Amino acid sequence: MNKNDRNIEKMIGQGRTADIYEYGENQVLKLFKNNIGEQSIIDEYNQSKIVQESGLDVPSVSEMVDINDRKGIVYEKIDGKTMFQTLSSQPMKMKSMARQMAQLQYSIHQTSSHELPDQKEILERFIQGADLIDDRQKEKIIHYLHQLPNGNVICHGDYHPDNVMITPTNVKIIDWNNASRGHHLADVTRTFLLLKYGTIPAHLSLQLKFFDEVGKKQFYRQYLKTYLSLSGDSINDIHKWEVPIAAARLAEGIPDEEKQMLYDQILKTI
């Protein structure tokens, strides 16, 4: 990790784990907060490199740096808006963007990997760390998880409209820190549950007032319909993955309201 104590430029974004700064002319710096472990940062760097080298059109990753006693990763700067930001100014495009989002994810799933972390191992680790469910339930869910089909396609692991960057010339998917090799429907099911139960990012909540329960339902239904028509899978195939994906999500420090909805969904099945 390169040492670099130069002054960083203006902040252009904030998240739960890191702040984003301009970093030269064509790069951005993802500067992690001090409570994020170094191994997690190294893993993100390595996974981003693997995805980049797979040939997918994603932001290039440059280097890891140590700035002002904080660790960071330097990425290619993408000039554009997230799909959520675009929806806030063009809500009439909601269905077309849902279709576009599904098409992009389907195209990602046409690329395989043997280097990324194993999807089921990640899910099992998160299920073990989930609250609300007891040890007996965890054991049952993990056993069920391992009966589901395996895969080795590249899965984003946190695919939602705030990680889809729309530029004047193309679209790029950002934030590959949860990338894995696994089954495409596990990745799709996570996106479906994020869209169905997730909360709108705080910095966009006012702009996306139209994205109420009716709007959310229209969006995720169009997204799912488009993906399934491309892949040839069925809604029942999605349902098979819902319990382990929802259980793993419980370990992510999500809002209580979302956590309760996911837990209720789990109890309907196990």
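Just so you know, these numbers come straight off a predicted model, no measurement behind them. (Residues numbered from 1 in each chain as written. Predicted model: local features only at pLDDT ≥ 70, side-chain atom pairs only at ≥ 80, totals over all residues. Heavy atoms only, no water.)

### Section: the pairing of strand S5 (residues 61-67)
By the criterion of burial, S5 is predominantly enclosed, with five of the seven residues buried. By the bridge criterion, six bridges tie S5 to strand S6 (residues 70-76) in an arrangement that is antiparallel. The residue of S6 that forms the bridge with Glu63 is Val74. Linkage of S5 to S6, two consecutive antiparallel strands, is achieved through a turn of two residues, within which Asn68 is found at a positive phi near 50°. (Buried < 20%, exposed > 50% of the residue type's maximum accessible area, 1.4 Å probe, protein only. Helix = DSSP H or I, 4+ residues; strand = E, 2+ residues; numbered from the N terminus. Pairing = 2+ DSSP bridges.)

### Observations concerning the packing of helix H6 (residues 184-197) against helix H8 (residues 235-249)
Angle between the axes and distance between the axes: these two values describe a pair of packed helices. It is the contact of H6 with H8, at a shortest axis distance of 8 Å, that shows an interaxial angle of 70°. Between H6 and H8, the angle falls in the class roughly perpendicular. By crossing handedness, the relation of H6 to H8 is classed as right-handed. Taken together, the residues of H8 that come into contact with H6 (itself represented by Leu185, Ala186, Val188, Thr189, Arg190, Phe192, Leu193 and Leu194) are Asp237, Ile238, Trp241, Glu242, Ile245, Ala246 and Arg249. Here the contact of H6 with H8 is composed, by residue class, of ten nonpolar, one polar and four charged. (Axes fitted to C-alpha atoms, helices over the stretch in contact; angles between N-to-C directions. Parallel < 35°, antiparallel > 145°, perpendicular 65-115°, else oblique. Left-handed = near helix turned anticlockwise from the far one by under 90°. Contact = heavy atoms within 4.5 Å. Nonpolar A, V, L, I, M, F, W, Y, C, P; charged D, E, K, R; others polar.)

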